[in-house]
Structure formats: structure tokens, C-alpha cells
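One letter stands for each residue in the lines below.
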Amino acid sequence: MFNKVVLCGRISNDLELRQTSNGKSYCRFNLAVNKMNEGTDFIPITVWGKPAENLVQYQNKGSLILVDGSISMSNYTDKDGNNRTSFEVMTSNVQ
């Protein structure tokens, strides 16, 4: 099995560097990616480690970037008790 995604788009929200309880840096944001026909998808991205620190320091909302990572899926129960699934791209490689 192979799980790899490469996306090129613009950062659609302000960037904020966060840290896990064990001190690992990360940044979450949405990447605006043009659809093949028309319109835009907003893909949730999480960048880890030093690339996250560099991203927050040198890029901002509207910056055009390339993300190379993998799709991560998680299941959860919402506040109304409904089962939900969410997807995001996890990466430590941003250009």
C-alpha cells in the first residue's frame, strides 16, 4: 500500500505555531487548491517539526506552497452523538 499526496496551493488562514505536550512543534492550516474543473477545495494540512517553524517564520496567509505528505483519517463522535470521519494531510515537507 502507498499513501502519498502532493498539493500545490495557497495558505488560506493565518499561521500559528503550536507545540504538543512533549514539545514537538506543529502548525495546522487550510490549503486552498484549485479543482480540476472549477472552484477551490480547502484541504486541512498539519506540518510537523522544523518545517512547521520555518513555515510560520517565512510564509503567511496567501503564500503559494507545495506540500508533500500523506492522508490521515480519524473517526470521532460529534456533540450530537453522530459518528464522523475527518481527513487531513500530514507532512514535514513544505516547499
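This write-up is about the structure you can find in this document.

The rules behind each value
- Residues numbered from 1 in each chain as written.
- Predicted model: local features only at pLDDT ≥ 70, side-chain atom pairs only at ≥ 80, totals over all residues.
- Heavy atoms only, no water.
- Helix = DSSP H or I, 4+ residues; strand = E, 2+ residues; numbered from the N terminus.
- Buried < 20%, exposed > 50% of the residue type's maximum accessible area, 1.4 Å probe, protein only.
- Areas by Shrake-Rupley, 256 points an atom, 1.4 Å probe, with all protein chains shown as cover.
- Contact = heavy atoms within 4.5 Å.
- Phe/Tyr/Trp six-rings, centres within 6.5 Å; stacked < 30°, edge-to-face > 60°.
- Salt bridge = Lys/Arg side-chain N within 4 Å of Asp/Glu carboxyl O.
- Core = buried A, V, L, I, M, F, W, Y, C linked by side-chain atoms within 4.5 Å.

**Topic: the overall build of the protein**
When you go through the protein residue by residue, the secondary structure sums to 1 helix and 6 strands. Along the protein, from the amino end to the carboxyl end, the secondary structure elements read β-β-β-β-α-β-β. If one aligns the C-alpha atoms of the protein with their principal axes, the spans along those axes are about 45 × 40 × 30 Å. Looking at the protein as a whole, 27% of its 95 residues qualify as buried. Summing over all exposed atoms, the protein offers an accessible surface of approximately 6700 Å²; the carbon and sulfur share of this is 46%.

**Remarks on the side chain of Ser 25**
By secondary structure assignment, the location of Ser 25 is in strand β3 (residues 25-34). Ignoring anything within four residues of it in the chain, the contact list for Ser 25 reads Leu 17, Arg 18, Gln 19, Val 47, Trp 48, Gly 49, Ala 52 and Glu 53.

**What about the packing of aromatic side chains?**
Scanning the entire structure with this criterion turns up 1 aromatic pair. Each ring, one from Tyr 26 and one from Trp 48, has its centre 5.2 Å from the other, and the planes form 35 degrees; the classification is tilted. Note that Tyr 26 is positioned in strand β3 and Trp 48 in strand β4 (residues 40-48), a separation of 22 residues in sequence. Residue classification places Trp 48 among the partly exposed residues on the basis of a relative accessible area of 21%.

**Description of the pattern of salt bridges**
Counted under the stated rule, the structure contains 6 salt bridges. In this structure, Glu 16 and Arg 18 form a salt bridge, with 3.7 Å as the shortest nitrogen-oxygen distance.

**Quick notes on the nonpolar core**
Core analysis: the biggest nonpolar cluster contains 15 residues, and Leu 7, Phe 29, Leu 31, Ile 45, Leu 55 and Ile 65 have the highest contact counts within it. If you list the elements that add at least two residues to this core, you get β1 (5-11), β3, β4, α1 (50-58) and β5 (64-77). Ranked by residues supplied to this core, first place goes to β3 with 4 residues. Other than its neighbours up to four places away in sequence, Ile 45 contacts Leu 7, Cys 27, Arg 28, Phe 29, Leu 31, Val 67, Val 89 and Thr 91.

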